[in-house]
Amino acid sequence: MIAVLCVAAVFTVAAIVLWRDPFLLVRGEFARQRVAAGLSRGTVEVAGHRWSYAYRDADAPDAPTVVMLHGFTGSKENWYPLAAALGGRYRVLIPDLPGWGESERKPGAVYGFTEQAANVEAFIRALSPGKPVVLLGHSMGGGIAAMAAARYPREIAKVGLLDAAGVRFKDNAFGLDVLAGRNPFAVEDEASLKRYIDIVFHDAKAKPWLPWPASTALIRKRRADAGFEQDVLARIGRSEDSLLPGQEAANIRQPALLLWCRQDAVIDASALELYAQRIPQARKVLLDGCGHMSLMERPAEVADAVVALVDR
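Source: prediction; values computed, not measured.

Caption draft 1: Molecular detail of the side chain of E229. Topologically, E229 is positioned in helix α9 (residues 226–238). When its relative accessible area of 2% is taken as the criterion, E229 is described as buried. Setting aside residues no more than four positions away along its own chain, E229 makes contact with F72, T73, W100, N183, F185, A186 and R222.

This is the structure:
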């Protein structure tokens, strides 16, 4: 009887905690993934913001440092499958960009390509002083990485753009919605959460499972972020700044990687060739059977491409 009462008490306490903070489940799952990937968690004050980031030291003390930038509505956790696939080969730094994830968001601050490229340069100088890094960027983070590589070559030795924003790719439903003033990634309820996941993932096996109450917590957070998301999307998706990464990519002289998935329904794969015209030295990799989240849908193949960029 005592054991039954203890179990009942534990479940009651857990129910109360989850009712008060249902996002606790999401944070717990993120922490599990981070530990499984061999990563630790850090914070740093840089460029007027408090940054949250995941990191792992390399097995060899002289190994290169790889910095990974997430995309629009994303977070550092998107890179954990790739970090796990790379193992201890490199030192890795995976930040939540200012305004996103667990990093600080300042009212009135601008979080476009230009501003975030400068933020990233400051982050690199702070955490890899005097040692240029390999910079990887996905989606919005790819546009940021392109601008950072073009503007700050002393800090960035090599650059990898994965499904990167910043060029006028072939029209698709996502791009037309953005140009029409809508946010195709907006999440307001269970139906729009499913639509969001279906847009960014092509491979059904890679889609995240979001049971209640984790789904409720995520929906609540995305509703709260709706205004911020729309402000950022207006700047990076349909303002005069939206094509800056592609324009400045012509100034990238470092070794580069361009990696896309053929079934990307967000940044159409035609963007790969548009970037290649501006970065002729880049190695091109086009994967099949995956969508916008190449780093989560095909982490082993992306890891092979990253190793080729870094080591060769």
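Next comes the rest of the write-up.
Caption draft 2: Local environment of the environment of R105. Note that R105 resides in the loop between β4 (91–95) and α4 (113–127). The class for R105 is partly exposed, based on a relative accessible area of 32%. Residues R105 and I252, 147 residues apart in the sequence, show an inter-C-alpha distance of 29 Å. Ignoring sequence-local partners within four residues, the contact set of R105 consists of G99, Y111, D225 and F228. Polar contacts involving the side chain of R105 include one to the main-chain carbonyl oxygen of G99, which spans 2.9 Å.

Caption draft 3: How the structure looks around the packing of helix α7 (residues 190–200) against helix α8 (residues 214–224). Here α7 crosses α8 at 85°, and the two axes come no closer than 10 Å. Comparing the axis directions of α7 and α8 gives the class roughly perpendicular. Side by side, α7 and α8 meet where E190, L193 and Y196 of the first sit next to S215, L218, I219 and R222 of the second. Of the residues assigned to the contact of α7 with α8, the class counts are 4 nonpolar, 1 polar and 2 charged.

Caption draft 4: Molecular detail of the state of the cysteines. Taken as a whole, this structure holds 1 disulfide when the rule is applied. Put simply, C261 and C290 are joined by a disulfide, and their sulfur atoms are 2.0 Å apart. Here C261 and C290 share a disulfide; its torsion about the S-S bond, -90°, makes the bridge left-handed. Taken as a pair, C261 in strand β7 (residues 256–261) and C290 in the loop between β8 (283–287) and α12 (294–297) lie far apart in primary sequence, 29 residues in all. C290 shares its class with C261; the two are buried.

Caption draft 5: A look at the packing of aromatic side chains. By the definition in use, this model includes 10 aromatic pairs. When the centroid spacing of 5.0 Å and the interplanar angle of 45° are considered together, the rings of F174 and F185 count as tilted. One end of the pair, F174, is in helix α6 (residues 173–179); the other, F185, is in the loop between α6 and α7, and 11 residues separate them in sequence. Exposure remark for F174: the relative accessible area of 11% places this residue in the buried category. Over the ring of F228 we find R105, and its NZ or CZ is 3.7 Å from the ring centre.

Caption draft 6: Quick peek at the pairing of strand β1 (residues 40–46). Pairing analysis gives 7 bridges linking β1 to strand β2 (residues 49–56), with the strands arranged antiparallel. Residue T43 lies in a different strand from β2, and its bridge partner there is S52. The antiparallel hairpin formed by β1 and β2 contains 2 residues in its connecting segment, where A47 sits at a positive phi of about 55°.

Caption draft 7: Up close: the confidence of the model for the protein chain. Residue-level pLDDT values for the protein chain average 93, and 93% of them are 70 or greater. Taken element by element, the predicted model of the protein chain shows its lowest mean pLDDT in helix α1 (residues 2–20) (41) and its highest in strand β3 (residues 65–69) (99). Note that residues 3–19 has pLDDT below 50 and, in this model, 3 contacts with residues that lie over four places away or in other chains.

Caption draft 8: Structural context of unusual backbone geometry. Residues W212 and P213 are joined by a peptide bond in cis, for which omega reads 5°. Its location among the elements puts P213 in the loop between α7 and α8. Backbone geometry at A47 places phi at a positive 55°, although glycine is not the residue there. As for its placement among the helices and strands, A47 is situated in the loop between β1 and β2.

Caption draft 9: Spatial organisation of the sheet that holds β1. Within the open sheet, the 8 strands sit side by side as β1-β2-β4-β3-β5-β6-β7-β8. Their pairing is mixed. Where the open sheet ends on each side, the last strands, each with one partner, are β1 and β8. The sheet shows a mean angle of 20° between the axes of neighbouring strands, direction not considered. Looking at chain direction, strand β5 (residues 133–138) and strand β6 (residues 156–162) are connected through 6 bridges and run parallel. Bridge pairing in β6 links L136 to G160.

Caption draft 10: The packing of α4 against helix α5 (residues 140–151), seen in detail. Put simply, α4 and α5 touch, their axes get as near as 8 Å, and they point 65° apart. Here α4 lies roughly perpendicular to α5, going by the angle between them. The handedness of the crossing between α4 and α5 is right-handed. Touching F113, T114, Q116, A117 and V120 of α4 are M140, G143, I144, M147, A148 and R151, all from α5. Within the contact of α4 with α5, the residues separate by chemical class into 7 nonpolar, 3 polar and 1 charged.

Rules used in this analysis
Residues numbered from 1 in each chain as written. Predicted model: local features only at pLDDT ≥ 70, side-chain atom pairs only at ≥ 80, totals over all residues. Heavy atoms only, no water. Helix = DSSP H or I, 4+ residues; strand = E, 2+ residues; numbered from the N terminus. Buried < 20%, exposed > 50% of the residue type's maximum accessible area, 1.4 Å probe, protein only. Contact = heavy atoms within 4.5 Å. Polar contact = N/O pair within 3.5 Å; in protein donor to acceptor, adjacent residues only side chain to side chain. Axes fitted to C-alpha atoms, helices over the stretch in contact; angles between N-to-C directions. Parallel < 35°, antiparallel > 145°, perpendicular 65-115°, else oblique. Nonpolar A, V, L, I, M, F, W, Y, C, P; charged D, E, K, R; others polar. Disulfide = S-S within 2.5 Å. Phe/Tyr/Trp six-rings, centres within 6.5 Å; stacked < 30°, edge-to-face > 60°. Lys NZ or Arg CZ within 6 Å of the ring centre and 35° of its normal. Pairing = 2+ DSSP bridges. pLDDT = per-residue confidence, 0-100. Left-handed = near helix turned anticlockwise from the far one by under 90°.

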